[in-house]
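Okay, here's what each chain looks like letter by letter:
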Amino acid sequence: MMSMKIRIVVATIALFCINACSKNSGDSTPAPDPTVSVSDVTQIEGNGGTSNFEFVATLSNATSKQVTINYSLEDGTAKAGEDFVAAVNQAVVFQPNETSKKINVTVVADDIKEPDETFTLIVTSAINAKAPTKAATGTIINDDTKIPINNAGYDAPTSYAGYTLAWSDEFNGNSLNMANWSFQNGNGCPNLCGWGNNELENYSENNLTLQDGKMVIEARKEGGTYTSSKILSSGKKTFKFGRIDIRAKLPKGKGIWPALWLMPESSVYGNWPKSGELDMMEMLGHEPNKVYGTLHFGPGPGSTQIGKNFTLPTGSFYDEFHVFSLIWKQDQIQWLIDGNVYGTANKADFGSNNYPFNEQFYFILNLAVGGQWPGNPDATTTFPQWMIVDYVRVYQ
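Predicted model, so just to flag it, every value in this text is computed and none were measured.

Caption draft 1: A look at the nonpolar core. Counting residues in each nonpolar core, the largest one holds 51 residues, and the members touching the most others are Met215, Phe357 and Phe363. Sort the elements by how many residues they give to this core and strand S25 (residues 361–369) lands first, with five residues. Among all residues touching Phe363, those that are not within four sequence positions of it are Trp167, Trp181, Ile231, Leu232, Ser233, Phe239, Ile244, Ile246, Trp261, Leu262, Val392 and Val394. By size, the runner-up hydrophobic cluster in this structure holds 25 residues, among which are Val36, Tyr71, Ala87 and Ile140.

Now the structure itself:
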């Protein structure tokens, strides 16, 4: 028979095992509430209809509880209703032990070329989970080539009393008419790096296209450089006196510098500025409602200037087309916006300086980036930017 002492020891061990097992089973610590994270998505927009952007919401660990999160989409450079379908406090439910769910966002795909755009997906609340502190970013990569052109705005008459149309370019073809224009490419180096103004762009033929009867010059940011286009009519089309109309829609943004101007075909009075420079229109992109008309002249090395400017009462030159004009006569130049004179310069205003503007001049149309006058682009400047020219007309 088992002795009394042995029986007591066995009973004690059994009781200890029962208590220990009971304690371990009753004190199992539940898993902590998981933390939610949502992936960023970068995807090509596509052409026409809609595209599906698939975000993935992930829980940091499994849980035996049902988890519900609510999310909303917020505008960035992409806008709800225009670039993506709005969503406000939409629910996503994780079943117990489920750790991943897809969130589908509908992006509106079109055929219009525009900058890459972003929007954000924000988890607004979470039940049985911790909401992330960081929003997820959706980046819409543009893959289109057609730019948005709205023909709204002022249009000039096609005839004027006392004048006959001497020449025009309506930009109705598929490519630039090289009987009228030449490209000036590069950055001005080695002789005039930055074109004498510390500009940042490299000019290229690839940045100019014709679309819908318009000429489009596109300024792009490509890596750490900027590209654009510059055309001139030197040696092909030159003019002295008359009325000039150029219908154009201008870009905007810090460091953006569109210009419509004329230079002397022959330097009758010597190198710049002695033979003159006639700026029909210049605009600084950070002042998109204001344009400048300027005459450069003088003995040099810097220029003497007579300048005029015009500010729109409402809106900007980015919003719609306007017509920039010159009435150029012997010993007088007038600048006009939409048919209204806003500045006049006469030979008498030059005092003892030589008056070089009774000679043959040629056109230059360009879109510069950066430089001493506009300053350089900053974080607020978006690319691409476009200067869109409907026509150039010369009446004499």
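After presenting the structure, the write-up continues.
Caption draft 2: Structural context of the sheet that holds strand S4 (residues 67–75). Ordered in space as S2-S8-S7-S4-S5, the five strands form an open sheet in which the pairing is mixed. Of all strands in the sheet, those bounded by a partner on one side alone are strand S2 (41–44) and strand S5 (90–94). Between one strand axis and the next, the sheet turns by 25° as a mean value, whatever way the strands run. Note that S4 and strand S7 (residues 117–127) share eight bridges and pair antiparallel. The residue bridging Ser72 from the neighbouring strand is Ile122, located in S7.

Caption draft 3: Broad picture of the environment of Trp257. Relative to the helices and strands, Trp257 is located in strand S18 (residues 256–264). When the C-alpha atoms of Trp257 and Met283 are compared, they prove to be 5.8 Å apart, with 26 residues separating the residues in sequence. Residues contacting Trp257, with those up to four places away along its chain left out, are Asn197, Glu199, Glu282, Met283, Leu284, Asn366, Leu367, Ala368, Gly370, Trp373 and Pro374. A distance of 3.2 Å separates the side chain of Trp257 from the side chain of Glu282, its partner in a polar contact.

Caption draft 4: Representation of the packing of aromatic side chains in the model. If you walk through the whole model with that rule in mind, you get 23 aromatic pairs. When the ring of Trp167 is compared with that of Phe363, the centres are 6.1 Å apart and the planes differ by 25°; the resulting orientation is stacked. Taken together, the residues span a long stretch of sequence, with Trp167 in strand S9 (residues 165–169) and Phe363 in strand S25 at a distance of 196 residues. Per residue, the accessibility class of Trp167 equals that of Phe363, and both read buried. Relative to Phe383, the ring of Tyr226 lies with its centre 5.2 Å away and its plane at 40°, an arrangement referred to as tilted. Of the two residues, Tyr226 sits in strand S14 (residues 225–228) while Phe383 sits in the loop between S25 and strand S26 (385–395), which places them 157 residues apart along the sequence. Taken together, the ring pairs in this structure connect Phe241, Phe297, Trp328, Phe350, Tyr355, Phe357 and Phe361 into an aromatic cluster.

Analysis parameters
Residues numbered from 1 in each chain as written. Predicted model: local features only at pLDDT ≥ 70, side-chain atom pairs only at ≥ 80, totals over all residues. Heavy atoms only, no water. Core = buried A, V, L, I, M, F, W, Y, C linked by side-chain atoms within 4.5 Å. Buried < 20%, exposed > 50% of the residue type's maximum accessible area, 1.4 Å probe, protein only. Helix = DSSP H or I, 4+ residues; strand = E, 2+ residues; numbered from the N terminus. Contact = heavy atoms within 4.5 Å. Pairing = 2+ DSSP bridges. Axes fitted to C-alpha atoms, helices over the stretch in contact; angles between N-to-C directions. Polar contact = N/O pair within 3.5 Å; in protein donor to acceptor, adjacent residues only side chain to side chain. Phe/Tyr/Trp six-rings, centres within 6.5 Å; stacked < 30°, edge-to-face > 60°.

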